[in-house]
Amino acid sequence: MSAGEGRGAAPVVVASDVRMGYNGVQVLNGVDFTVTSGEVSCVIGPSGSGKSTFLRCVNGLEPVLGGSLRVLGEEVGHRLRDGRYHPWTPKEFAAFRRNIGMVFQRFNLFAHQSALENVACGPVHVLGMSQDRARTLAMEHLDRVGLADHAHKRPHQLSGGQQQRVAIARALAMNPALMLFDEPTSALDPELVDEVLEVMKSLAADGMTMIVVTHEIAFAREVGDRLAFFADGLVVEEGRPHELLAAPAHERTRAFLSSVLGGQEGRPTQ
Amino acid sequence: MRNEPIADGTGTPVPVARTWHWGRWLAAAVALAVAGWPAYLVVVNPRLDWGKVAEYLFNERILSGVWVTIEISVLATALGLVLGVLVAVMRLAHNPVLSGLATFYIWFFRGTPVLVQLIFWYNLAFLFPELVLKIPFTAIGLKWDTNQVMTGFTSAMLGLGLNLAAYFAETVRAGIQAVDRGQTEAAYSLGMTPAKRMRVIVLPQALRIIIPPTGNEFISMLKTTSLVYVVAGHDLMTNASQIYKANNRIMELLIVASVWYMLMTAVATFLQGRLERRFGSDAVRLVRGGGVAARVLPKVTA
């Protein structure tokens, strides 16, 4: 299942010694992590290990306070000029984030807009596309996630799984070069998890570059090209999912996997 | 209350006896007596001339006062709402000077009585006999006599509007802050700038929290305008007081004024109810489909 193999080797994300913290508490203690174009990278680890924070650093929602984080060829958050770091302006942040889709644990659909308007929102308000074209485009993306019939419903009229699929369609409508998933199935009822994972699998099969923070070990095993285990703000261990899951090298990884897999190992994913 | 017979175990209907709520009857009687007796004493009071009330109810000066009261209320509320949004956005700005100024504004205008502010604006001429608007270092500009600008009407509008803005700014701020942080993050991750996020995502959702209290502000404003009588703004209360100062029918004219205030409040309450039905309950169905917000907030279709 190594779908990402040999699909070009351009690095999309290069993190080296990334550090971040707030209120004096260190959250990331020097993360080294590389994502190559076309790859699906899964990130697992106990809560509080910094995996979500790292993901949010990648699209600039959280500031990097040390080390270097290059995403799509740019140093996130500031540029070096005349020997000094010049922080990005809000406009520069916005322009950077256009190319990166993000899917949140709690969906974060715009509550005052229908599913269709949610998906059309980025193209209209950020890319300046006409309403008509944006709606046609949005309809295509809703169709892709299997929700064309629900285009005119409000978020609160949709199930969690449907909301998350709309959120994925909303991110895809911007035609991003990189998709970030922050525990996309953690807020879902168990029976709704698979419909979201199916959409993500089809994205992976289409060659989308993805970073997926998840607790779905089976998904990581099946779809992931790489798997990183985070603990205490560090990448403790990374490798190919099959190998890492079969023979974790570190005690922390073993302990985490045995606690997580306790109830999840036999979970069907097809 | 159910009165239909209830079927017993064998299916035979058994009638239900009526329950007498003696406590309720007693409480109702006491409440009616306590509330009704003083009202009755006023109504039948021989010193109160109801004929005069009827005579003045549609008096020309009273009617023109009603109109001025509505004008001042609407204009002052409009000024307050626009300025209030501005102050609220300033208050939430990262710029410490802007946010400090907004905080000071809110503190100042909530901290001083409206009455003081009204008298201040009315007497602005003591500080600035002339209002001058000109291009610096040139002789080109405009000049007004302060006393001609600061009539009772304008000082009322200004005083009440600036005051409302301070209160309304806090409502707007609460509305903006009540919008889930996740909405902002989703807007940012699509590539929106902070200003676009505020206009396209946050403000439309904040409106459902902001709009219902504006009805209350307006109703409250209708009656606060009666303070305008200290600066002789020719509103309902001013005109009523001028009439009773001449004919000494104080109680009758207070009743006339009250009838009109109550009528205006009733209309405003009705409108407020409609506003709240539109924006209050069905929280998320507001912006599109020709709602008020869709007209208020210009849609960007580039």
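This section reports on the structure supplied with the text.

About the cut-offs
Residues numbered from 1 in each chain as written. Chains lettered and ligands numbered in written order. Predicted model: local features only at pLDDT ≥ 70, side-chain atom pairs only at ≥ 80, totals over all residues. Heavy atoms only, no water. Helix = DSSP H or I, 4+ residues; strand = E, 2+ residues; numbered from the N terminus. Expected span 1.5 Å × (residues − 1). Buried < 20%, exposed > 50% of the residue type's maximum accessible area, 1.4 Å probe, protein only. Arc of directions from axis to C-beta. Contact = heavy atoms within 4.5 Å. Polar contact = N/O pair within 3.5 Å; in protein donor to acceptor, adjacent residues only side chain to side chain. Pairing = 2+ DSSP bridges. Buried area = accessible area lost by both parts, 1.4 Å probe. Salt bridge = Lys/Arg side-chain N within 4 Å of Asp/Glu carboxyl O. Nonpolar A, V, L, I, M, F, W, Y, C, P; charged D, E, K, R; others polar. Core = buried A, V, L, I, M, F, W, Y, C linked by side-chain atoms within 4.5 Å.

## Comments concerning helix α4 (residues 96–111) of chain B
Residue and element names in this part refer to chain B. Here α4 contains 16 residues, and its C-alpha end-to-end distance of 21 Å stays within 8% of the 22 Å for a straight helix at 1.5 Å per residue. Of the residues making up α4, those classed as buried are Ser99, Ala102, Tyr105, Ile106 and Phe109. The buried side chains of α4 occupy one side of the element, clustering within an arc of 120° when seen end-on. Residues of α4 that are exposed and point over 90 degrees away from its buried face: Pro96, Val97, Trp107 and Gly111. Where α4 is buried, its residues touch α3 (60–91), α5 (114–122) and α7 (152–178). The N-capping residue of α4, defined by a side-chain oxygen 2.9 Å from the backbone nitrogen of valine 97, is asparagine 95.

## Observations regarding the sheet that holds strand β4 (residues 66–71) of chain A
All names here are of chain A. Spatial strand order, β2-β1-β4-β5: four strands in an open sheet with antiparallel pairing. Of all the strands in the sheet, just β2 (25–36) and β5 (74–75) have a single pairing partner and so form its edges. As paired strands, β4 and β5 are joined by two bridges and run antiparallel to one another. Bridge pairing links valine 71 to glutamate 74 in β5.

## Remarks on helix α8 (residues 181–189) of chain B
Of all nine residues in α8 of chain B, eight are buried, a share of seventy percent or more. Within the sequence span of α8 of chain B, burial applies to Gly182, Gln183, Thr184, Glu185, Ala186, Ala187, Tyr188 and Ser189 of chain B. Buried residues in α8 of chain B make contact with α1 (51–58), α2 (90–97), β8 (100–103) and α5 (160–172) of chain A together with α9 (194–224) of chain B. Phi for glycine 191 of chain B, located one or two positions after α8 of chain B, is positive at around 100°.

## Re the interface of chain B and chain A
Contacts between chain B and chain A engage 27 residues on the former and 31 residues on the latter. Interface area, chain B with chain A, both sides summed: about 2,400 Å², of which 60% is carbon and sulfur. Between glutamate 185 of chain B and arginine 56 of chain A there is a salt bridge, and its shortest N-O distance comes to 2.6 Å. In this assembly, chain B and chain A are joined by seven residue pairs in polar contact (both at pLDDT 80 or more). Mapped by element, the contributors of at least two residues to the side of chain B that touches chain A are α8 and α9 of chain B. The element that contributes the greatest number of residues to the side of chain B that touches chain A is α8 of chain B, accounting for seven residues. When the residues that make up the side of chain B that touches chain A are grouped by side-chain class, the tally is 13 nonpolar, seven polar and seven charged.

## Comments concerning the nonpolar core
Residues and elements named next belong to chain A. Core analysis: the largest hydrophobic core is formed by 53 residues, its most contacted members being Leu142, Ile168, Met179, Phe181, Met200 and Met210. The element contributing the most residues to this core is helix α6 (residues 193–205), with seven residues. Filtering out sequence-adjacent residues up to four positions away, leucine 142 remains in contact with Ala115, Leu116, Val119, Leu147, Ala148, Ala151, Val166 and Ala169. Within the second largest apolar cluster, 44 residues are counted, among which are Leu61, Phe93, Ile100 and Phe104.

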